[in-house]
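# Structural overview for review
Single-letter residue listing:
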Number of protein chains: 2
Amino acid sequence: MSKDIVWHEHAVTKEERARQKRQKPCLLWFTGLSGAGKSSIANALDQALYHLGYHTFLLDGDNVRHGLNNDLGFNDKDRIENIRRIGEASKLFTDAGLIVMSAFISPFISDRRLVRELFPEGEFIEVHVNTPLAVCEERDPKGLYKKARAGEIKHFTGIDSDYETPEAPEITLNTADYSIQQCTEYLLSYLSKKGMIAPIAKAS
Amino acid sequence: MSKDIVWHEHAVTKEERARQKRQKPCLLWFTGLSGAGKSSIANALDQALYHLGYHTFLLDGDNVRHGLNNDLGFNDKDRIENIRRIGEASKLFTDAGLIVMSAFISPFISDRRLVRELFPEGEFIEVHVNTPLAVCEERDPKGLYKKARAGEIKHFTGIDSDYETPEAPEITLNTADYSIQQCTEYLLSYLSKKGMIAPIAKAS
């Protein structure tokens, strides 16, 4: 056993964890209608950052609803608690030095504000995926709009439940007019300009 | 903007995240009485792994009780939910490819078993910090035993609430007979033997 291993009583800091990863931690909070392209963009950004050597994690319905939040339903109280826990979990991930992406409809301004307030200035990046409702409904990748229109799903965002448009999101994207690749490159450029990651090499 | 950035529709996998970090993810679950040394050992291990270049995170009362679990009290139902959420959050951290340490009294076999069952074989490492009650009470770093003996705190583990000894923990440590440094070196050796981290260089 090495005798060279040393440590201190204090905990490893967020700054040390981030420095080790050559990045600054942040949370990219993707909000928008079902079918807007939140998960597609977040996954593409995750892939791109991974291939550039950055340390990331993605929270979405797939890994949160069946685990951490599997005790929550879809009434108002549970929807608020759902977003609160995702915000707090995201915060732990930034404390671990990671660049985190969270992709949830999160239709209410008040819920998103509570998450924003958990983070230091500049670490919470609200990304409004502002694809028009008509386009989302036309895509209907999970058949949910059809069910909502038929009354089989109640309180469906955009149909019989409001989506409150972000008042001052850091970034607005629209997958009706721009490709996933274009959106991803825009996000990489943003992260680079804000110093979260190193400058992105320009293609000659 | 680089044209070389490529990605795939599939999500970045746990294996890819771990490979990037040159480690295998796992959860070291520290259980034991208040004052047993759980947090001290976990922090020392965290420091040691950090200085060896590994990517880790530590969940403990300091960062969980005031955030993710700030809605929970100390009745039986809330204590179970507290441990469940910590288990699920830990799982997300191993999905991110990290080596995670969780330091909580977690006195009940059933709760610890539920956490263990969230993980693939070998990824959940139960570390029983088996420091004798008399030593913990003598240390009483937060003055909690004194308050419990005086009846000012009810349901205090070891005094008027049971601590259920782990039946088959992967590791048992005792900070009455071994130093924090010795315990940490033992854990590093274990992680190395199990292939979670590279072989530790021996001092000549």
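Reading guide: rules and limits
- In this convention, every chain numbers its residues from 1, walking through the sequence in written order.
- The lettering of chains begins at A and the numbering of ligands begins at 1, in the order of writing.
- The predicted origin of the model limits local features to residues at a pLDDT of at least 70 and limits the giving and counting of side-chain atom pairs to 80 or more, whereas totals for whole chains, interfaces and linings rest on all residues.
- Neither water nor hydrogens contribute to the side-chain values; these are computed over all heavy atoms in the structure.
- To get an axis, fit a line to the C-alpha atoms, keeping to the stretch in contact for a helix; angles then go from 0 to 180 degrees between the N-to-C directions.
- We count a stretch as a helix when DSSP gives it H or I for four or more residues in a row; a strand needs E for two or more, and each element gets its number in order from the N terminus.
- Put simply, angles under 35 degrees are roughly parallel, angles over 145 are roughly antiparallel, angles from 65 to 115 are roughly perpendicular, and the rest are oblique.
- In this scheme the handedness of a crossing depends on how the near helix is turned from the far one: anticlockwise by less than a right angle means left-handed, clockwise means right-handed.
- Note on contacts: a residue pair qualifies if any of its non-hydrogen atoms lie within 4.5 Å across the two residues.
- Gly is placed with the polar residues, together with every amino acid not listed as nonpolar (Ala, Val, Leu, Ile, Met, Phe, Trp, Tyr, Cys and Pro) or charged (Asp, Glu, Lys and Arg).
- Any cysteine sulfur atom paired with another within 2.5 Å is treated as part of a disulfide.
- Summary of the burial criterion: residues with accessible area below 20% of their type's maximum are buried, those above 50% are exposed, and those between are partly exposed, where the area comes from a 1.4 Å probe applied to protein chains only.
- The term buried area refers to how much accessible surface (probe radius 1.4 Å) is lost by two components on association, counted for both of them together.
- The term salt bridge refers to a pairing of a side-chain nitrogen on Lys or Arg with a carboxyl oxygen on Asp or Glu at a separation within 4 Å.
- Residues adjacent in sequence count toward polar contacts only when both atoms are side-chain atoms; beyond that, a polar contact is any pair of N or O atoms within 3.5 Å, and within protein one must be able to donate a hydrogen and the other to accept it.
- At least two DSSP bridges between two strands are required for those strands to pair.

### Remarks on the packing of helix H4 (residues 76-95) of chain A against helix H4 (residues 76-95) of chain B
As a packed pair, H4 of chain A and H4 of chain B sit with axes 11 Å apart at the nearest point and diverge in direction by 55°. By the angle between their axes, H4 of chain A is oblique relative to H4 of chain B. In this structure, H4 of chain A crosses over H4 of chain B, and the sense of that crossing is right-handed. Across from Glu81, Arg84, Arg85, Leu92 and Phe93 of chain A in H4 of chain A, the residues of H4 of chain B making contact are Glu81, Arg84, Arg85, Leu92 and Phe93 of chain B. A class-by-class count of the residues in the contact of H4 of chain A with H4 of chain B yields 4 nonpolar, no polar and 6 charged.

### So, the state of the cysteines
Residues and elements named next belong to chain A. One pass over the full model with this rule turns up 0 disulfides over all chains. Here Cys26 stays free of any disulfide, with the sulfur of Cys183 as its closest cysteine sulfur at 17 Å. Summary of cysteine pairing: Cys183 is not part of a disulfide, and the nearest cysteine sulfur, belonging to Cys136, is at 12 Å.

### A few points about unusual backbone geometry
Residues and elements named next belong to chain A. Backbone geometry at Arg22 places phi at a positive 55°, although glycine is not the residue there. As for its position among the elements, Arg22 is in the loop between helix H1 (14-20) and strand E1 (26-31). A residue is classified by how much of its surface remains accessible, and Arg22, at 71% relative accessible area, is exposed.

### With respect to the interface of chain B and chain A
The partner chain A presents 53 residues to the 53 residues of chain B that form the contact. Roughly 4900 Å² of surface becomes buried between chain B and chain A when both sides are summed, with 62% attributable to carbon and sulfur atoms. Counting across the interface, chain B meets chain A through 6 salt bridges. Notably, a salt bridge pairs Arg17 of chain B with Asp46 of chain A, separated by 2.6 Å at the nearest N-O pair. Our count for the chain B to chain A interface comes out at 20 residue pairs in polar contact (both at pLDDT 80 or more). At the level of elements, helix H1 (14-20), helix H2 (38-51), strand E2 (56-60), H4 and helix H8 (180-193) of chain B are the ones that each hand at least two residues to the side of chain B that touches chain A. Among the elements that make up the side of chain B that touches chain A, the one with the highest residue count is H4 of chain B (8 residues).

### Concerning the sheet that holds strand E2 (residues 56-60) of chain A
Residue and element names in this part refer to chain A. Pairing in this open sheet of 5 strands is parallel, and the strands run E2-E3-E1-E4-E5 from one edge to the other. Across the chains shown, the open sheet's two edge strands, defined by having one partner strand only, are E2 and strand E5 (171-173). Between one strand axis and the next, the sheet turns through 20° on average, direction left out of account. Taken together, the 5 bridges between E1 and strand E4 (residues 124-129) define a ladder with parallel strand orientation. Within E4, the residue paired with Thr31 across the bridge is His128. Strands E1, E2, strand E3 (99-103), E4 and E5 of the sheet are contacted by helix H2 (residues 38-51), whose axis makes an angle of about 165° with E3. Along the sheet face, helix H5 (residues 109-116) touches E1 and E4 and points at about 150° away from the line of E4.

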